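Geometric and topological summary
Here's the letter readout for the chains.
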Amino acid sequence: MNLSLIKLLPRGWLLLCTLLVIVPLAVITTAVGEFDAEIWEFLLEFQLSELIKNTLILVTGVGIGVTVIGTLCAWLTAMYEFPLRRFFFWALMLPLAVPAYVLAFTQLGLFDYTGPLSTWLRENYGLEQGLPDIRNVFGLTTVMSLTFYPYVYLLARNAFSGMGQRALEAGASLGLSPAQSFVKIALPMARPWIGGGLILALMETLADFGTVSVFTYDTFTTAIYQAWFDFYSLETAKQLAALLITTVFILLVLEQINRGRRRFHQAGKAQQQRRKSLHGVRKWLASAFCSLILLLAFAIPVVQLTVWAYETWPVSFNRALWLNAWHSFAASLAAALLVAAVALLVALAKRADRSRLAAVAARITTLGYAVPGTVLAVGVFVPVAWFDNLLIEKLQLPEGSAIIKGTLAVMLLAYLIRFLAVGYASIEAGLERISPSQAEAARSLGCTGTGVLRRVYLPLLKGSLGTAVLMAFVDIMKEMPITLMTRPYDWDTLAVRIYAFTTEGQYAYAALPALLIVLTGLLPVILFSRTEHNR
């Protein structure tokens, strides 16, 4: 009986965690069959075609941008030697520390008609129009491409590094130039990696809320938010979310197919390090290209944020900022610890129950990371509101009361579902380095389940747990739509403060909270990218 109970506990825990993900998704997907004719007549006539057109243009533009930037940077840093290559090899990952919505309002503040560059051109050269207007779809796709290209860069760089010089040598033996070898041999070999990074970037693009809001560019994420908070129509928000989640899951399936196609065999380490040296003008062009990308995506925005933060310091550095920072820190830390704890138990349950069902259940628990924040916020709020109303009715509380909805617990639950995959990936990787025989040896010495956890797993997984907490903490600090849509009343965070200032065009006052978020995100990005810079 005890043995049966021990076997059932892990499976029961896994099924409970899968419900956390399945219920919100089910709430959204069932809305497909609940279309309101009157609502959809309005959407079809005034909004839906515009949303679809805008989304397709944005996805296409960002797809081209991240593929070109990420692939070229990866090819140069992995295959050639040129000035500052070792620096660019890891530094080109730094834009991941800058949230897309921060880069968006920084670029707008720099290049707008009233920005410092256009003002300087008018005052010194008499150019009344200044720089071309970037508050359009081209400017938006450029900003998002600069933000998300590291997804393609990282995977493509690993693929090209694994090839060593074999692609160039094979091309040379066929009489091809280095450029021809890149197009005809290297690109086809690296296509699964490039495709995988591209799909991840497109999923982030579809999920984005803050950047498109800054550019006042209507997509499904902004429409979901407006339907709920501007038009007070949760049903419309559900139905729009259903369309968006369908698109996201199509991309998720494509990503899984791409992952399954990666069968390239790595070359030896010595061969990976044999890079061809660029000479003359080519080496400086390679350095200039990588410098331009890093300047636009990271260095210039951070400098501009610092300048704005210095200028607005007397006004911005106040009690409200401290309170928002405390809210961000407290909520992010609590959610990150919760993510790490749940992820640890999921990974251990999967190890204890080695059935196919357990593997599938563990995989389902990580699907929340693929769900856009606006969609997940709707999916979590609907069942919570239903349960809250049920409790109010049973307890006969006054109309308008709230027990669970509108509390910090709902926001933490949404964070847990969204970012569980971040903690699980780190902990599962650490767990794979621990032999099952170590736990069995502890049990043979009389340790119970909690004893094995305390004496074997926790000491050996300290590094993985720390990484899980850190990565989840940073992601949650940057998160905007879930926070906006599920936070308790008057629980503003740094991300909410940025949203409030940028919607009013007060970019300088958004700089200090944005700089705090960027500095928080720098640590894990630098730690991650520096681990591979010695290649």
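Please read these numbers as outputs of a predicted model, since none were measured by experiment.

Next up on the list: the overall build of the chain. Counting its secondary structure elements, the chain contains 23 helices and two strands. For the chain, restricting intrachain contacts to residue pairs at least 6 apart in sequence, the fraction spanning at least 24 positions comes to 82%. Per element, the accessible surface of the chain, about 25100 Å² overall, is 66% carbon and sulfur.

Our focus in this paragraph is a nonpolar patch on the surface. The grouping of Leu323, Trp326, Phe329, Leu333 and Leu337 at the surface amounts to a nonpolar patch, some 460 Å² of accessible area in total. Tracing the sequence through the fold places Leu323 in helix H14 (residues 319–352).

Turning to unusual backbone geometry, a few remarks are in order. Of note in the backbone geometry, Thr216 takes a positive phi value of approximately 50 degrees without being a glycine. Within the element layout of this structure, Thr216 appears in the loop between helix H9 (210–214) and helix H10 (220–229). Given a relative accessible area of 62%, Thr216 falls into the exposed group.

Here we take up the packing of helix H4 (residues 100–111) against helix H13 (residues 281–316). The description of two packed helices rests on the angle between their axes and on the distance between the axes. Where H4 contacts H13, the two axes come as close as 10 Å, and the packing angle between them is 70 degrees. Regarding the angle of H4 to H13, the classification is roughly perpendicular. Residues Val102, Leu103, Phe105, Thr106, Gln107, Gly109 and Leu110 of H4 form the contact with H13, whose own contacting residues are Leu296, Ala297, Ile300, Pro301, Gln304, Leu305 and Trp308. Classifying every residue of the contact of H4 with H13 gives 10 nonpolar, four polar and no charged.

On to the pattern of salt bridges, then. In this structure the tally under the stated criterion is five salt bridges. Glu81 is the partner of Arg85 in a salt bridge, and the nearest nitrogen-oxygen pair spans 3.3 Å.

Evaluated as defined, the whole model comprises 18 aromatic pairs. On the numbers, 5.1 Å between centres and 80 degrees between planes, the contact of Trp75 with Phe160 is edge-to-face. In this pair, Trp75 is assigned in helix H2 (residues 37–79) and Phe160 in helix H6 (residues 137–163), connecting sequence segments 85 residues apart. We classify Trp75 as buried; its relative accessible area is 6%. Relative accessible area serves as the criterion here: at 0%, Phe160 is assigned to the buried category. Ring pairs connect the aromatic residues Phe82, Phe87, Phe88 and Trp90, which therefore count as one cluster.

Glancing now at the side chain of Thr483. Residue placement: Thr483 occurs in helix H21 (residues 481–486). Judged by its relative accessible area of 1%, Thr483 is buried. If near-sequence neighbours (up to four positions away) are discounted, Thr483 is found in contact with Met411, Tyr415, Thr493 and Val496.

Here the focus is helix H8 (residues 178–207). Between its first and last C-alpha atoms H8 spans 38 Å; for 30 residues at 1.5 Å apiece the expected length is 44 Å, and the helix comes up short by more than 12%. The largest bend in H8 comes to about 60 degrees, at Arg191, with the proline Pro192 one to four residues further on.

All right, on to the confidence of the model for the chain then. The pLDDT averaged across the chain works out to 82; a share of 85% of its residues lies at or above 70. Every residue in residues 264–272 is under pLDDT 50, and counting partners more than four places away or in other chains gives 21 contacts.

Right, let's get into the state of the cysteines. This structure, assessed with the given rule, holds zero disulfides. Not part of a disulfide, Cys73 finds its nearest cysteine sulfur in Cys290, a span of 4.7 Å. The exposure class of Cys73 is buried, given its relative accessible area of 0%.

A word on the nonpolar core. Ranked by internal contacts, the top residues of the largest apolar core, which has 163 residues, are Phe105 and Phe160. If one sorts the elements of this core by residue count, H14 sits on top with 14 residues. When near neighbours in sequence (up to four residues on either side) are disregarded, Phe160 contacts Thr71, Ala74, Trp75, Ala78, Met79, Phe182, Ala186, Ala190 and Ile194.

This next bit is on the side chain of Gln304. Of note, Gln304 is situated in helix H13. When its relative accessible area of 10% is taken as the criterion, Gln304 is described as buried. Not counting the four nearest positions on each side in its chain, Gln304 is found in contact with Thr106, Leu110 and Pro116.

Cut-offs applied
Residues numbered from 1 in each chain as written. Predicted model: local features only at pLDDT ≥ 70, side-chain atom pairs only at ≥ 80, totals over all residues. Heavy atoms only, no water. Helix = DSSP H or I, 4+ residues; strand = E, 2+ residues; numbered from the N terminus. Contact = heavy atoms within 4.5 Å. Areas by Shrake-Rupley, 256 points an atom, 1.4 Å probe, with all protein chains shown as cover. Patch = residues over 30% accessible without salt bridge, like charges linked within 9 Å, V, L, I, M, F, W, Y side chains within 5 Å. Salt bridge = Lys/Arg side-chain N within 4 Å of Asp/Glu carboxyl O. Buried < 20%, exposed > 50% of the residue type's maximum accessible area, 1.4 Å probe, protein only. Axes fitted to C-alpha atoms, helices over the stretch in contact; angles between N-to-C directions. Parallel < 35°, antiparallel > 145°, perpendicular 65-115°, else oblique. Nonpolar A, V, L, I, M, F, W, Y, C, P; charged D, E, K, R; others polar. Phe/Tyr/Trp six-rings, centres within 6.5 Å; stacked < 30°, edge-to-face > 60°. Expected span 1.5 Å × (residues − 1). Bend = angle between axes of the 7 residues up to and from the residue. pLDDT = per-residue confidence, 0-100. Disulfide = S-S within 2.5 Å. Core = buried A, V, L, I, M, F, W, Y, C linked by side-chain atoms within 4.5 Å.

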